[in-house]
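Observations on the model geometry
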Amino acid sequence: MARIVVLPPDVQGQIAAGEVIERPASVVKELAENALDARARQIEVQLASGGLGRIVVRDDGEGIAADDVPVAFARHATSKLARADDLAAVPTLGFRGEALPSIAAIARVRLTSRRPDADAAVAAEADGDGARAAGPIGAPRGTTVEVHDLFAVTPARRKFLRAPATEVGHVVDVLTRLAVANPTVGFRLEHDGREVLSLPAVREPRQRLVQTLGRERATRLLAVRAAADGYVVHGFVAPPADALRSARLLWTYVAIGERGAARWIRDRLLLRAVVDGYDALLERGRYPIAMLFLEVPTGDVDVNVHPAKLEVRFRRAAAIHQLVAPALRTALAAALAPAGAPAASPRASALAEAAPAYGPPPTLPLGRDTGASQAGLWAPAPRGFASLRFIGQIFDGYLLCEGDGRIVLIDQHAAHERVVFERLRAEQDAGRIARDPLLVPETIELDATEAALLGEHAAALETAGLEGEPFGERTFLLRSVPRLLRGRDAGALVRAVATELAEEGASAAAARATHAVLATIACHSVVRVGQRLASEEVRALLASMDGVPVAAHCPHGRPVAAELTRSQLEALFHR
Ligand code: ADP
Ligand code: MG
C-alpha cells in the first residue's frame, strides 16, 4: 500500500470539497469505505445512542504504517491519489484525504492500526485541536476507528438529527449499499449492544441479495449483463410485479473500469434508463427493484463532483442509456415470455397477487420458495390462454377459467388493454397506426398546461394517430383519431393523454411519450370492468392474449391474470 502524503496544492484545488459529515451514517460510510479500500474481509460497526455517543468501525484490512498514522488526519492526506491525472481512473472509494480530518473536526477520534507485518499496533488521537500519536499497543491486524461525542462542538448540527432509531436506519442503508457491492466482505452492525445487521461474507452477488432482500425476492431476480463500447452493465432486476411505490430499492453503482471500486450513486440518467428498460411493464408511479453495476471506461466519468461522492458526471450519457435500457428489456422479455414458456412452479409473486381474491394469507397456503433458478417466471396458462376452459364471468369484470391443475382469473379490462396496446405498438413498428380523419376537426378545451404539453408532444400524438395542433392557449384542434377509437369520445381521450403526458413531464423522451399515448388509447378503447361479455367475445379475447409478447401485465403494469393451483385449493379444504 502507498504511503500517505498530503496532496499538492494544485490537486487539492481540483477536489470537490464540502461538508461531508452530516450525520452518524456519514461517518460510518467514510470509515467503512476506508476499510473496503484497505481490502478488509470483515467490517464490524458498533453504535451507541444512534451514533452520537460512540461509533466504532473495526476492520481486518491492510492497516496503516506506524509513521503514517498521524499523517492520516492531515487535510488532503491520502495514499490513494498522487497526481490530478489519477482522478480520472481512481480505483478506490476514497481519494480526497478529507474524511478523517473532517470527522476529527467535529468529534474525538481514536485510531488504532496494525499492518500485517508489524509487531505492534499504533494508536493516534485526534480532535478539533489536531492529531497526536498515542503510542504502540497490542491489537489484531487491521484498523479500528472510534468516534466519540459526534457534533458535541456543533450543537446546531446535533439538533437536526432524528431519533436514534432513524439514525441507525441510515447506517443500515449505508452498510447495505456497500455490502451489496462487496458480497465477499462480511458486515456486522450493533446498536447499544444489540445486533442490528449481520451479513456474513458470501461468494456470489445473488447470495448477498438473499441476505439483504430476502430469499423470495432474491430468487425472483433476473440477471442482467450487457456490454458495448467499453461500457459494461451487470446486476439484477426484479420482475415488474415486485415494483415499489418509490425508487428506494433501485440501486445503481458505477465503477471506473472492471477493477474500479463500485460506488453507489444516485443518478437521474441511470434511473431513467432503468425505468425505460421496463417499458410498458411498470404501472405509473411504480419503481422496479434493481441492483445494477455500470463499468465505465477511464475518462468517461467524473467521480469528483459531489461532496459526499453520491453523484457523478458522465461524459457520454446517451451511450449509457443505449446500453442499459435494452439490456433490461431483453432480460425481462426472456423471463416474462408468454404462453409456451417453460412452466415454473407457482411463485410467491403470483400467489401474492392472487391472495386478495381468496381471503387473507392465513387461509391461503403461500407456496414455499423452491429456490429454483429464475428461468421461466410465472405463466398462468402454460399451454396458452386459448386452452383454458371458460367457466363464467364474475363480478362483471373477471373471467373465471380452469386450466391444467389450476384456476385462472383474468382481469378482462387489463387483458384487453394489453392486447390492444401490443397491436397498436406492432402497427406503429410496421409503419403507421391506422387512423380516420375527422370531417370537422374537433375542438377540445383544456387547461393551459395540458394544451402546452400536447403541443410539445405533437410528434408522439401524431405517431399514435391523434393528429392536430394547439389552437389558442387552451384549445386543441383534433384532426384525426386512431381507427380503433372510432365512435368513442375523442375529447375524453385527448384530455386523458394530456394527463398522462403531464405525469411524464415535458422533457419525456419521444419514445416514452409515445408509449404513454398508446397506453392511454389502449385503455380507452377496450372493454371495461362491469361490461358483460358474450362467451364468443371471451374466447376471442383469450385467443388474442396468446399473440402478445408479455401476457401477464397490462400496459400500466397491473397484473392481467392470477391463479390458484389445485394443491392450494385442496389445502384450503385441508385435503
Ligand atoms: P481517503 O480515503 O480519501 O484517502 P481518508 O481521510 O478517509 O482519505 O483517509 C486518509 C488515509 O488514511 C487513507 O488514504 C488511507 O491511507 C488511510 N486509512 C484510513 N482508514 C484506513 C483503514 N481503515 N485502513 C487502512 N488505511 C486507512
Ligand atoms: Mg476515505
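These remarks concern the structure in this document. (Residues numbered from 1 in each chain as written. Chains lettered and ligands numbered in written order. Predicted model: local features only at pLDDT ≥ 70, side-chain atom pairs only at ≥ 80, totals over all residues. Heavy atoms only, no water.)

1. A look at the overall build of the protein chain
Summing up its helical and strand segments, the protein chain has 17 helices and 24 strands in all. Relative to its 575 residues, the protein chain shows a buried fraction of 52%. The long-range share in the protein chain, meaning contacts at least 24 apart out of those at least 6 apart in sequence, stands at 71%. Of the roughly 25500 Å² that the protein chain leaves accessible, carbon and sulfur atoms contribute 52%. (Helix = DSSP H or I, 4+ residues; strand = E, 2+ residues; numbered from the N terminus. Buried < 20%, exposed > 50% of the residue type's maximum accessible area, 1.4 Å probe, protein only. Contact = heavy atoms within 4.5 Å. Areas by Shrake-Rupley, 256 points an atom, 1.4 Å probe, with all protein chains shown as cover.)

2. A look at the environment of I410
Structurally, I410 is set in strand β20 (residues 406-411). For the pair I410 and G397, spaced 13 residues apart in sequence, the C-alpha separation works out to 8.5 Å. Once residues within four sequence positions are removed from consideration, I410 is found in contact with F385, L388, G397, Y398, L399, C401, A415, L542, M545, V560 and A561.

3. Observations concerning the nonpolar core
Membership of the largest hydrophobic core comes to 68 residues, with the highest contact counts inside it found for I43, V147, L150, L175 and F187. The element best represented in this core is helix α5 (residues 164-181), accounting for 8 residues. Once residues lying within four places of it in the same chain are set aside, the contact partners of V147 are V27, L31, G53, R54, I55, I103, A107, R108 and V109. (Core = buried A, V, L, I, M, F, W, Y, C linked by side-chain atoms within 4.5 Å.)

4. Things to note about the layout of surface pockets
In this structure, the largest pocket spans a volume of roughly 960 Å³. Lining of the largest pocket is provided by 37 residues; of these, N182, R259, G260, A261 and A262 occupy positions nearest its centre. Sorting the residues of the lining of the largest pocket by element identifies α2 (24-37), α5, α6 (205-213), β12 (231-237), β13 (250-256) and β15 (290-296) as the ones contributing at least two each. When the residues that make up the lining of the largest pocket are grouped by side-chain class, the tally is 20 nonpolar, 8 polar and 9 charged. Here the lining of the largest pocket gathers at least three residues from each of two domains, domain 1 (9-200) and domain 2 (207-336). (1 Å grid on protein atoms, 1.4 Å probe; cavity = no way out; pocket = protein on both sides within 12 Å on 5 of 7 lines; lining within 4 Å. Points joined across faces, edges and corners; volume = space filled by probe spheres on them. Nonpolar A, V, L, I, M, F, W, Y, C, P; charged D, E, K, R; others polar. Domains from an automatic or database assignment.)

5. What to know about helix α8 (residues 268-278)
Considered for burial, the residues of α8 that qualify are L270, A273, V274, V275, D276, G277 and Y278. The N-cap residue of α8 is D267: its side-chain oxygen and the backbone nitrogen of L269 are 3.2 Å apart. Looking one or two places after α8, you find D279, whose phi comes out positive at around 50°. (Polar contact = N/O pair within 3.5 Å; in protein donor to acceptor, adjacent residues only side chain to side chain.)

6. Brief notes about unusual backbone geometry
Most peptide bonds are trans, and most residues other than glycine sit at a negative phi. In this model, D149 sits at a positive phi of 55°, which is unusual for a non-glycine residue. Tracing the backbone through its elements, the reader meets D149 in the loop between β8 (142-148) and α4 (155-159). The exposure class assigned to D149 is partly exposed, which follows from its relative accessible area of 33%. One non-glycine residue, F395, adopts positive backbone phi at about 50°. Tracing the chain through its elements places F395 in the loop between β18 (389-394) and β19 (398-403).

7. Comments concerning the packing of aromatic side chains
Aromatic rings in a pair are described by how distant their centres are and how their planes are angled relative to each other. All chains considered together, the criterion is met by 1 aromatic pair. Summarising the aromatic geometry, the rings of Y253 and F293 are spaced 4.5 Å apart at their centres and angled 15° between planes, so their arrangement reads as stacked. You can see Y253 sitting in strand β13 and its partner F293 sitting in strand β15, a full 40 residues away along the chain. For the pair shown, Y253 and F293 are each scored as buried. The lysine or arginine in question, R177, covers the ring of W264, its NZ or CZ lying 3.8 Å from the ring centre. Just above the ring of F95 sits the side chain of K309; from NZ or CZ to the centre is 6.0 Å. (Phe/Tyr/Trp six-rings, centres within 6.5 Å; stacked < 30°, edge-to-face > 60°. Lys NZ or Arg CZ within 6 Å of the ring centre and 35° of its normal.)

8. Remarks on the sheet that holds strand β14 (residues 263-265)
In a beta sheet, neighbouring strands pair by backbone hydrogen bonds and run either parallel or antiparallel. Judged by pairing direction, the sheet is mixed, and its 5 strands sit side by side in the order β11-β12-β15-β13-β14 without closing on themselves. At either end of the open sheet lies a strand with only one pairing partner, and these are β11 (222-228) and β14. Strand after strand, the sheet turns through a mean of 20° between neighbouring axes, direction not considered. Pairing analysis gives 3 bridges linking β13 to β14, with the strands arranged antiparallel. Each residue of the ladder has a partner; that of T252, found in β14, is I265. (Pairing = 2+ DSSP bridges. Axes fitted to C-alpha atoms, helices over the stretch in contact; angles between N-to-C directions.)

9. With respect to the packing of α2 against α5
At a minimum axis distance of 8 Å, the contact between α2 and α5 shows a crossing angle of 25°. It follows that α2 is roughly parallel to α5 by the angle criterion. Considering how the two elements wind past one another, α2 and α5 form a crossing that is right-handed. Mapping the contact onto sequence places P24, A25, V28, K29, A32, E33 and L36 in α2 and E167, H170, V171, V174, L175 and L178 in α5. Among the residues making up the contact of α2 with α5, the classes are represented as 9 nonpolar, 1 polar and 3 charged. (Parallel < 35°, antiparallel > 145°, perpendicular 65-115°, else oblique. Left-handed = near helix turned anticlockwise from the far one by under 90°.)

10. What about the pairing of strand β3 (residues 54-59)?
Taken residue by residue, a regular strand's side chains alternate between the two faces of the sheet. As defined by bridge partners, strand β2 (residues 42-48) adjoins β3 across 6 bridges and the pair is classed as antiparallel. From the neighbouring strand, Q46 faces β3, where its bridge partner is V56.

11. A look at the site of ligand 1
By nearness alone, 21 residues border ligand 1, and N34, T78, S79, K80 and G97 come closest of all. Between ligand 1 and G97, the relevant distance is 2.7 Å, taken from an oxygen atom to a main-chain nitrogen or oxygen of the residue. Calculation on ligand 1 without its partners gives an accessible area of 530 Å², and the protein chains cover 97% of this total. No other element matches the 3 residues that helix α3 (residues 99-104) contributes to the shell around ligand 1. The residue makeup of the shell around ligand 1, split by class, is 10 nonpolar, 7 polar and 4 charged. (Near = heavy atom within 4 Å.)

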